[in-house]
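Observations on chain architecture
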Amino acid sequence: MLKRTIFATGLLLVSLLPLACGTNAPTEKYKQKMVILGFDGMDPRLVEQWMAEGKLPNFQKLAGQGGFYRLETSTSPESPVSWASFATGGNAGKHNIFDFLVRDVKTYVPDLGMVRREMPDFFLNYVPLGRPKVTTLRGGTSFWVTAGQAGVRSAVLTVPVTFPPEDVPMGELLSGLPLPDIRGTIGTFYYFATDLSRYEEGNTEMGGILKRLAFEGDTAQSELTGPPNPIVQAQMADLRKKGATLNDADQSRMAALEARRDIRVPFSVRWSKEARSATIDVQGTTIHLSEGGWSKWVPLEFRVNFLVRLYGMAQFYLVRASGELQLYMSPVNWRPESPVMPISSPKGLSKDLYERLGTFRTLGWAEATWPLNEDRIDEKTFMDDLFHAFDDRAQVILHEIDSKKFDLVIGVLESTDRVQHMFWRFIDPTHPMYDAAGAARYGDSIERVYKRCDQLVGEVLQRIEPGTLVFILSDHGFHSFKYGVNLNTWLVENGFLAKQGKALGDKNLNDMFGGGGQFWEGVDWTRTRAYSLGLGQVYFNMRGREGQGIVNEGDDYKRLADELSAKLLTMTDPKTGQRIVRSVYKRDDVYSGPYMANAPDLQVGFEDGYRVSWQTSLGGSPPGLLYPNMKKWSGDHCSFDYKTIPGSLISNRKLNANEARIIDIAPTVLKYFGIRIPKEIDGKPLF
Ligand SMILES: [Zn+2]
């Protein structure tokens, strides 16, 4: 059974602590100033093309003063891995972020791979006896910490893999990914509609909660599913300890607890059909929406019990109010002024920013990719929302630059990544989801986001002192995700993964977040040599490491690595004969450092067009090797050969950067400030 992924009881504990607001501005020690703007997934080929066409004038200006370079990404080209390498200057063996998932080696069950969570115990099932502990799995030392120890004052803003926030000496940090929503997930959206069938109700593959609205007259009553109640969870866990010996009373108690497992907030919708509008009443807030209208951020309160409350906020969007009523609600964000747990360092920073700038979304995954992927909102709505997400982060970055308190400002925006994930199908005519009409309408969306980035760079350039070193960079580029590759199915068919019987059905993210999911059904571990989990990682079933391992260290291991990697390279598309796997990287060839024990044994690098399937990422092995990707999530970077998918680097200073790598940024910054480069850093300074 998986630990539930929530952060629920933090509020009470946080509210008991004095708010540490405001820092005394540290004095200036360095004359050097630097700004780094990260645009997740910004692809160098697109940057190059649009710079040449004069569409990115500020990028061009910077590149003219210094240069434009390709920036090699991490071996697993995933954002958390790559940004962790950015922060620490090391390979994943040194920072421990190998993938967005980790597995429990004893049970093989997957869990999110950036943080570890521990819930506190409750006195008499009521009063929390400690703080819920969320610790980052990221090891190594961020360059902003090293720089801060030497007196550099830095602001680190929404950089991925900075939740929970770390202390930055002389600096400030506002957390980014994996800062969760109120349910502890990367973003559970809500969709309420009159035309949902019973079959459609429930949890979607990619984290949405769908509920049917039933009207009596012009009013429907419904409820929002909030975080799981940690007290109820603890009671359920206690009952479960009895194992198979649950008597009838226990079982009915379990059912009663199950019904109260999530904290719910009731709300009502009044529908005025003629006016094509609806009025939502939730916890004392009344929201009038016309069809196609967004609400402001609505405050929400989730009561764990009399003592403990959790505060969140969400936006409603009225998709449709004619014929049928369809209502979308964003994931419930933590509120910057009263987060469930601290989301900044110092702790008071997020509240301070709220007081100066108004509210802003805090969710690490800030854009509405999942509801678009599940067809619950349309492209236009997705884009409108995406630009708001962009603006929320941009204003924080500009505000911190304007404060003139910092020598080094690092800000990351991810809208570039999200729009490419969702809209690649409009710029790749060979994608199975390409359609000419859609392309005519939305084909310029990615370009619009790049232009917005360029505009932000312009705003930054107006604000900084002359001589400031500016880096614009991305963690990886993008490829087309035309076919999903069922890598575990291939492992089964080729005798590396043994199965008996049939799997019980597809996995969804709620199986993992919800804690009730079964994984690896029908897998016979006693005959399994290798299995895949996450985005292109293959693990060997090692004796003494995995719960039921059969592969021995030494020659056994080496033989398997050779055999499997050679065989993977022969994988071809049965229809076209095209090669699917471009490279396979062996653990010991690409990773080194203190976290080697957690490294995948192989990292598979797919060709452009072929990405590991969603089901494989959760350990599933559905029939068939390949399937055409008919989802709107159409562009990707994960599981491709990292050598083919570099990020971008634009600098206003010339660099020795024929081979710039993401791990080179940390030592470059340290050298710029004249700070000795720690020897655990793998990268080399770029000047
Ligand atoms: Zn991405």
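Please read these numbers as outputs of a predicted model, since none were measured by experiment.

1. A closer look at the overall build of the chain
Looking only at helices and strands, the chain has 20 helices and 35 strands in total. The principal-axis extent of the C-alpha atoms belonging to the chain is close to 70 × 60 × 55 Å. In the chain, once contacts between residues fewer than 6 apart in sequence are set aside, the share between residues at least 24 apart is 69%.

2. Focus: the nonpolar core
Core analysis: the biggest nonpolar cluster contains 188 residues, and Phe59, Ala278, Leu327, Ile472, Ala530, Ala666 and Val669 have the highest contact counts within it. In terms of residue count, the dominant contributor to this core is helix H11 (residues 379–402) (nine residues). Among all residues touching Ala530, those that are not within four sequence positions of it are Leu491, Phe496, Leu497, Val538, Tyr539, Phe540, Asn541, Leu560 and Leu564.

3. What to know about the sheet that holds strand S19 (residues 298–303)
In spatial order, the strands read S19-S20-S23; together these three strands make up an open sheet with antiparallel pairing. Looking at the sheet topology across the chains shown, the edges are occupied by S19 and strand S23 (333–334). Sheet analysis places S19 next to strand S20 (residues 309–314), joined by six bridges and oriented antiparallel. Residue pairing in the sheet places Pro299 in a bridge with Met313 of S20.

4. Comments concerning the confidence of the model for the chain
Of the residues in the chain, 91% reach a pLDDT of 70 or more, and the chain-wide mean stands at 91. Low pLDDT (under 50) marks residues 1–23, which in the prediction has 65 contacts with non-local residues, meaning those over four places away or in another chain.

5. Structural notes on the sheet that holds strand S10 (residues 172–174)
With respect to topology, eight strands assemble into an open sheet ordered S2-S35-S26-S1-S25-S9-S10-S24, the strand pairing being mixed. Two strands in the sheet have a free side with no partner beyond their single neighbour: strand S2 (67–71) and strand S24 (344–345). Sheet topology note: the strand S1 (residues 34–39)/strand S26 (residues 469–473) ladder contains five bridges and is parallel. The residue of S26 that forms the bridge with Leu37 is Ile472.

6. Examining the pairing of strand S22 (residues 326–329)
By the alternation rule, side chains of S22 split into Gln326 and Tyr328 and Leu327 and Met329, which are all buried. One ladder, built from four bridges, connects strand S11 (residues 189–193) with S22; its direction is antiparallel. Residue Tyr191 lies in a different strand from S22, and its bridge partner there is Tyr328. Where strand S21 (residues 316–320) meets S22, four bridges bridge the pair, whose relative direction is antiparallel. The partner of Leu318 across the bridge, within S22, is Leu327.

7. Re the environment of Ser613
Position of Ser613 among the secondary structure elements: in the loop between strand S32 (609–612) and helix H19 (614–617). Look at Ser613 and you get buried, because 25 C-beta atoms sit within 10 Å. Excluding its chain neighbours within four sequence positions, the residues that come into contact with Ser613 are Gly484, Val485 and Asn486.

8. Focus: unusual backbone geometry
For the bond from Leu177 to Pro178, the omega torsion is 0°, close enough to zero to count as cis. With respect to the helices, strands and loops of the structure, Pro178 is situated in the loop between S10 and S11. In this structure, Pro346 follows Ser345 across a cis peptide bond, with omega equal to -5°. Among the structural elements, Pro346 can be located in the loop between S24 and helix H9 (349–357).

9. Quick look at the packing of H11 against helix H14 (residues 445–463)
Where H11 contacts H14, the axes come no closer than 11 Å and their chain directions differ by 15°. The angle between H11 and H14 places the two elements in the roughly parallel class. The handedness of the crossing between H11 and H14 comes out as right-handed. Each of Met383, Phe387, Phe390, Ala394, Leu398, Ile401 and Asp402 in H11 lies in contact with H14, whose residues at this interface are Ser445, Arg452, Leu456, Glu459, Val460 and Arg463. Grouping the amino acids of the contact of H11 with H14 by side-chain chemistry returns eight nonpolar, one polar and four charged.

10. Considerations on the packing of H11 against helix H12 (residues 415–423)
One can describe the packing of H11 onto H12 by two numbers: an axis separation of 10 Å at closest approach and a directional angle of 165°. Considered as vectors, H11 and H12 are oriented roughly antiparallel to each other. Along this stretch, H11 crosses H12, giving a crossing that reads as right-handed. Contact residues: Phe382, Leu386, Ala389 and Phe390 in H11; Ser415, Arg418, Val419 and Met422 in H12. Taken together, the residues of the contact of H11 with H12 break down into six nonpolar, one polar and one charged.

Rules behind the numbers
Residues numbered from 1 in each chain as written. Predicted model: local features only at pLDDT ≥ 70, side-chain atom pairs only at ≥ 80, totals over all residues. Helix = DSSP H or I, 4+ residues; strand = E, 2+ residues; numbered from the N terminus. Contact = placed C-beta atoms within 7 Å. Core = buried A, V, L, I, M, F, W, Y, C linked by C-beta atoms within 7 Å. Buried ≥ 20, exposed ≤ 12 C-beta atoms within 10 Å, placed from the backbone. Pairing = 2+ DSSP bridges. pLDDT = per-residue confidence, 0-100. Axes fitted to C-alpha atoms, helices over the stretch in contact; angles between N-to-C directions. Parallel < 35°, antiparallel > 145°, perpendicular 65-115°, else oblique. Left-handed = near helix turned anticlockwise from the far one by under 90°. Nonpolar A, V, L, I, M, F, W, Y, C, P; charged D, E, K, R; others polar.

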